Amino acid sequence: MANARQDHRSEPWKDPGATPYVRIDKVTKKFGDFVAVDDVTLNIYRGEIFCLLGGSGCGKTTLLRMMAGFEAPTAGSISLDGVDITAMPPYERPVNMMFQSYALFPHMTVQKNVAFGLHQDKLPKSEIDARVAEMLKLVRMEQFASRAPHQLSGGQRQRVALARSLVKRPKLLLLDEPLAALDKKLREHTQFELINIQETLGVTFVVVTHDQEEAMTLASRIGVMNHSEIVQVGTPADIYEYPGSRFVADFIGSVNMFEGRLIEDEPYYVRVESADLGGVFHVSHGVSAAPNATVWVALRPEKIHILRDRPDGEGDNRVAGVVTEIAYLGDQSIYFVRLAGGRLVRVTQPNILRQSGGGRISWDEQVWLSWDSSSPVVVTQ
Amino acid sequence: MAILGFLESGGGHAVSRNAREVGDSSPFVLTGLMAWIKALGPYRWASNRLRDRGMSGRTAVISVPYLWLLLFFLVPFLIVLKISFSDIRLGMPPYEPFVTWASAHVMDLKFNFGNYAFLWEDALYRNAYANSIMTAGFSTILCLLIGYPMAYGIARSKPSWRNLLLLLVMLPFWTSFLLRVYAWIGILKNNGLINNLLMSMGVIDEPIVMLQTNFAVYLGIVYSYLPFMVLPLYTAIEKLDLTLLEAAADLGCRPTKAFFKITIPLTKGGIVAGSMLVFIPAVGEFVIPALLGGPGSLMIGRVLWEEFFNNRSWPIASAVAIAMLILLVFPIWILQRVQGREMGAHR
Amino acid sequence: MNQRRSFFVLTMMVFGFAFLYIPILSLIVYSFNESRLVTVWGGFSTKWYVALLHNEPVKQAAWLSFRIATMNATGATILGTLAGLALARFGRFRSRSLLAGLTTAPLVMPEVITGLSMLLLFVAMEQVFHWPDGRGITTITIAHITFSMAYVTVVVQSRLATLDESLEEAALDLGARPAKVFFLITLPIIMPAILAGWLLAFTLSWDDLVITSFVNGPGSSTLPVLIFSKMRLGVSPDINALATVLVLIVTVGIVAAGLLMARQQKRRDLDVQQAVAGNQ
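Analysis parameters
Residues numbered from 1 in each chain as written. Chains lettered and ligands numbered in written order. Predicted model: local features only at pLDDT ≥ 70, side-chain atom pairs only at ≥ 80, totals over all residues. Heavy atoms only, no water. Helix = DSSP H or I, 4+ residues; strand = E, 2+ residues; numbered from the N terminus. Buried < 20%, exposed > 50% of the residue type's maximum accessible area, 1.4 Å probe, protein only. Areas by Shrake-Rupley, 256 points an atom, 1.4 Å probe, with all protein chains shown as cover. Phe/Tyr/Trp six-rings, centres within 6.5 Å; stacked < 30°, edge-to-face > 60°. Lys NZ or Arg CZ within 6 Å of the ring centre and 35° of its normal. pLDDT = per-residue confidence, 0-100. Contact = heavy atoms within 4.5 Å. Axes fitted to C-alpha atoms, helices over the stretch in contact; angles between N-to-C directions. Parallel < 35°, antiparallel > 145°, perpendicular 65-115°, else oblique. Left-handed = near helix turned anticlockwise from the far one by under 90°. Nonpolar A, V, L, I, M, F, W, Y, C, P; charged D, E, K, R; others polar. Pairing = 2+ DSSP bridges. Disulfide = S-S within 2.5 Å. Buried area = accessible area lost by both parts, 1.4 Å probe. Salt bridge = Lys/Arg side-chain N within 4 Å of Asp/Glu carboxyl O. Polar contact = N/O pair within 3.5 Å; in protein donor to acceptor, adjacent residues only side chain to side chain.

1. Regarding the overall build of chain B
Then, in step 1: The helix and strand tally for chain B stands at 17 helices and two strands.
Then, in step 2: In chain B, which comprises 347 residues, the proportion classed as buried is 50%.
Then, in step 3: Of the accessible surface of chain B, which amounts to about 17,100 Å², a share of 67% is contributed by carbon and sulfur atoms.

Next comes the structure, spelled out in structure tokens:
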């Protein structure tokens, strides 16, 4: 899940002077009594792949449809490249969308589908042909130009839909679950293809997805949505390593969550006493919460070491337990360890060595769990 | 409606099938046509006038069919209602005006419930109502008994056969209703096909009287509306997941019992839809009782017709129509809409 | 799952199809009967067809029915498509439920009531506006459009309900205005449903006896009205001949359409197979 793109990317969201390209300002959308999007404010910068991530019904698609112009916000405004587009109808916006169902016109060939948008702009035929050909070449569909959509496979349809939405050179491309209809193998391959095309053309992408892996791979930044609100915005690494709430920690990846009480609160570390854990967490980052407040400690399973012997050294961040369950997944194994208080902890360990006899920890063994003090994250909500 | 659904699904296939042919004779021809139409003065004039009055295309799309239905469907019922309260008179039109102007500003409303009282008191009308409901109900049950096995058989046929068999069910629907009812006259009458056949075989000596009996009316209704029953049943049975029956068998349920415990409950939607499609038109049926039924098989549609055409009693005919609306049509319409909403909710 | 059908189901299917087709077959067979007594076989003859060919009232009635059915189908298709579009695509608008009610009501309305109410409307309109002047082709067509547009509405509405709305949104998104989206995307895609609706409206009008009987005037006897008046006088072999002609026309049409559909379906299946195979 490493995101190579961040290395050679500027990070305009860190620059307070940078002007956002898309500015979503206090946007609310109600359908009758139901609030689909609740007071969302969001800035997206030029050249980003911004992922809106959330479960079904969290409002991410409604937000996307408001950017496309299919829904009008109940309150708030949306501007693109300095122009207020809130009331602009979809056929006038310099925004295009790739639909989840691809929405290829069944009565038109691939060529006609891609040319449709250009025809609406009344461009000369020669230019239309040239741009369509160029686009089909980019998505490697040039030899299918005269096919009808039903004569294409799922992956081919996806590429035609992409070509059709990019051919008008939109300022903003909206993608609604772009890979959901593809099978797993093809999806992985297509993710990187999508990133390459985005980098070639430099178009700003907003992607809606419910698939966290997809969001982690594609996104320059992720906006996690829950209950019609944006709960956290950040790079994939930020979201994973520094979740701001229990929801985000739990939604992205798997996590062990311990409820506890803040007993020591210093600028550079905190100590949390947790009955769940039957011990004290020592966490090497500060928290803004009142002393004795109830907090939660999130600890990722891959950040826990599992050992037969008690680890050396003084201090907290170690606990004893019994292995109750092991799942062997090939590349890694998942251990479920029951602590003295009854709490189950999930631990994953990569299987670096090939399985060999009694070297591995097995069922019902007494083990010690330990972790670095920089690994847990304390969240207050 | 099921028949329509069938048509529509046939149409659905055709769409993408044509996709290949469209190829170059593309719908941009249509764009050209549109441009041409737009260039014409009248189009521009009309659309400008509409826009001046705040009429968008959307409003126009809604209001055209709306106004048509209001004028030609809703208003007529108000007139029927009005005339049902009027007195009969000789002349043309054969009813007294309902609203008379006593003076320039005083409107004189005359409600006359006499027509309704007449309907209530005369056993003929009550019998006709009861008879209509019974005839339609009985025919619906017969249709279901014949239609269910047929639909079941079609749904369990080889896929290549299914469309052909469905086409065979549909075909009579497209041929004239009147002529199909007429065909039964030739079969049922005293020197008709059945009697001739039975007499020549020596089974009977005297012809059996079948035409102009209630039996003939049931037969006519079942025959005419059987396709309406089979199609929704077929749709429901065809959708049924066969692994459910396998699961039932696996759990020790015998096929007959599985049919009543699994198949019937899960195809209830089709049974209700099909029964509605038969019962509703059968209640108001005129042609079948008029051609096949005897003087005894009075159905309400036929009574209305005879009041209107033979007795020229427009107010009575109107009162019959209103009574029919309130007692039969309206409940059915409500029931159908509620059911439709339920089905929508399940989707 | 096996394709086993019980003996009972097979028997009922044979019985059911025999029940549907024997009357029609008997109509056809007796149309070639020499004898005037329709059901007593008097030898093979085509004389009733010759008689039909020279029967001016029948030919006139058929032509009138054809004209009315064509006008009706066209009018009902336009109005029904607009109504179907409004109901399926315009979301919630004011008095939508009234429109929905008005479009489904003719489907459950007994024909005698529709016929009576239309006639009373025309009489009242004539009194007040002096239009329509008497009853005839105009009043019949208006009445037919009113009841058959409901069927077109249902066909179009249910087609639109299954049509992926994102197709239309995609066209909007690519810069086409709403009216253009309708003509370039929606209309071509739902065209088969609209054609089916047109044919349905045509058939309903062509077959209609009851409503026509109320709203027709002297000299405007459509074919069903003419046939019905002949039937009340008893069976007659020339009706059999006429029935045979009508049944044949419909059968040829339906069978041709069915074959065409089957062939195109096969070709489409092949296309899809190739697309899937080509991708692996």
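2. Notes on the packing of aromatic side chains
Then, in step 1: Inspection of every chain in the model, using the stated rule, returns 37 aromatic pairs over all chains.
Then, in step 2: Judged by centre distance (6.3 Å) and plane angle (45 degrees), the ring pair of B:F177 and B:Y225 falls under tilted. Of this pair, B:F177 sits in helix α9 (residues 177-188) while B:Y225 sits in helix α11 (residues 214-239), and the two are 48 residues apart along the sequence.
Then, in step 3: Judged by its relative accessible area of 18%, B:F177 falls in the buried class.
Then, in step 4: A network of ring pairs unites the aromatic residues B:F286, B:W305, B:F308, B:F309, B:W314, C:F214 and C:F228 as a single cluster.
Then, in step 5: Directly above the ring of A:F258 sits A:R343, whose terminal nitrogen or CZ lies 4.4 Å from the centroid.
Then, in step 6: Here the basic side chain of B:R156 rests over the ring of B:Y152, its NZ or CZ set 5.1 Å away from the ring centre.

3. Comments concerning the confidence of the model for chain B
Residues and elements named next belong to chain B.
Then, in step 1: On average, chain B scores 77 in pLDDT, and the residues at 70 or more come to 74%.
Then, in step 2: Contacts from residues 1-31, a stretch scored under 50 in pLDDT, to residues over four places away or in other chains number 70 contacts.
Then, in step 3: Scoring of the predicted complex yields 0.83 for pTM and 0.88 for ipTM.

4. Remarks on the packing of helix α5 (residues 57-84) of chain B against helix α4 (residues 96-108) of chain C
Then, in step 1: Interaxial distance between α5(B) and α4(C) falls to 10 Å at its minimum, and their mutual angle equals 55 degrees. Relative to α4(C), the element α5(B) lies oblique. The handedness of the crossing between α5(B) and α4(C) comes out as left-handed. Two secondary-structure elements touch here, α5(B) through B:I62, B:Y66, B:L69, B:L70, B:F73 and B:L74 and α4(C) through C:L98, C:L99, C:L102, C:T103, C:A105 and C:P106.
Then, in step 2: Of the residues that constitute the contact of α5(B) with α4(C), the class distribution is 11 nonpolar, one polar and no charged.

5. Examining the sheet that holds strand β17 (residues 332-339) of chain A
Residue and element names in this part refer to chain A.
Then, in step 1: One open sheet holds the five strands; their spatial order is β15-β19-β16-β17-β18, and the pairing between them is antiparallel. One side of each edge strand has no neighbouring strand; the edge strands of this open sheet are β15 (305-307) and β18 (344-350). With direction set aside, neighbouring strand axes in the sheet form an average angle of 45 degrees.
Then, in step 2: One ladder, built from seven bridges, connects strand β16 (residues 318-328) with β17; its direction is antiparallel. Across the sheet, residue A327 finds its bridge partner in β17, namely I334.

6. A word on the state of the cysteines
Then, in step 1: Applying the stated criterion across every chain yields a total of zero disulfides over all chains.
Then, in step 2: You can see A:C51 has no disulfide; the closest cysteine sulfur is in A:C58, sitting 13 Å from it.

7. Structural notes on the confidence of the model for chain A
Then, in step 1: Per-residue pLDDT for chain A has a mean of 89; in total, 96% of the residues score no lower than 70.
Then, in step 2: pLDDT under 50 marks residues 1-8 of chain A. Its contacts with residues more than four places away, or in other chains, come to 17 contacts.

8. A short note on the interface of chain B and chain C
Then, in step 1: Facing 103 residues of chain B, the contacting portion of chain C comprises 101 residues.
Then, in step 2: Overall, the association of chain B and chain C removes approximately 9,700 Å² of surface from exposure, summing both partners, and the carbon and sulfur fraction of that is 79%.
Then, in step 3: On inspection of chain B and its partner chain C, the count reaches zero salt bridges.
Then, in step 4: Summed over the shared surface of chain B and chain C, the result is six residue pairs in polar contact (both at pLDDT 80 or more).
Then, in step 5: When residues of the side of chain B that touches chain C are assigned to their parent elements, the largest contribution, 19 residues, is made by α5(B).
Then, in step 6: For the side of chain B that touches chain C, the residue count by class is 73 nonpolar, 19 polar and 11 charged.

9. As for the side chain of B:S176
Then, in step 1: By the element assignment, B:S176 lies in the loop between α8 (159-174) and α9.
Then, in step 2: A polar atom in the side chain of B:S176 sits 3.3 Å from the backbone nitrogen of B:L178.

10. Here's the deal with the environment of C:K180
Then, in step 1: Residue placement: C:K180 occurs in helix α8 (residues 178-207).
Then, in step 2: The class of C:K180 is buried, set by a relative accessible area of 16%.

11. What about the pairing of strand β9 (residues 221-226) of chain A?
Residue and element names in this part refer to chain A.
Then, in step 1: With six of six residues buried, β9 lies mostly within the body of the structure.
Then, in step 2: Side chains of β9 alternate between two faces, with R221, G223 and M225 and I222, V224 and N226 buried alike.
Then, in step 3: Here strand β3 (residues 49-53) runs beside β9; their pairing, made up of four bridges, is parallel. When the sheet's bridge partners are listed, F50 is paired in β9 with R221.
Then, in step 4: Judged from the five bridges that link them, β9 and strand β10 (residues 229-234) form a sheet pairing that is antiparallel. In the strand pairing of β10, I222 is matched with G234.
Then, in step 5: Between β9 and the antiparallel strand that follows it, β10, lie two residues; H227 among them carries a positive phi value of about 50 degrees.

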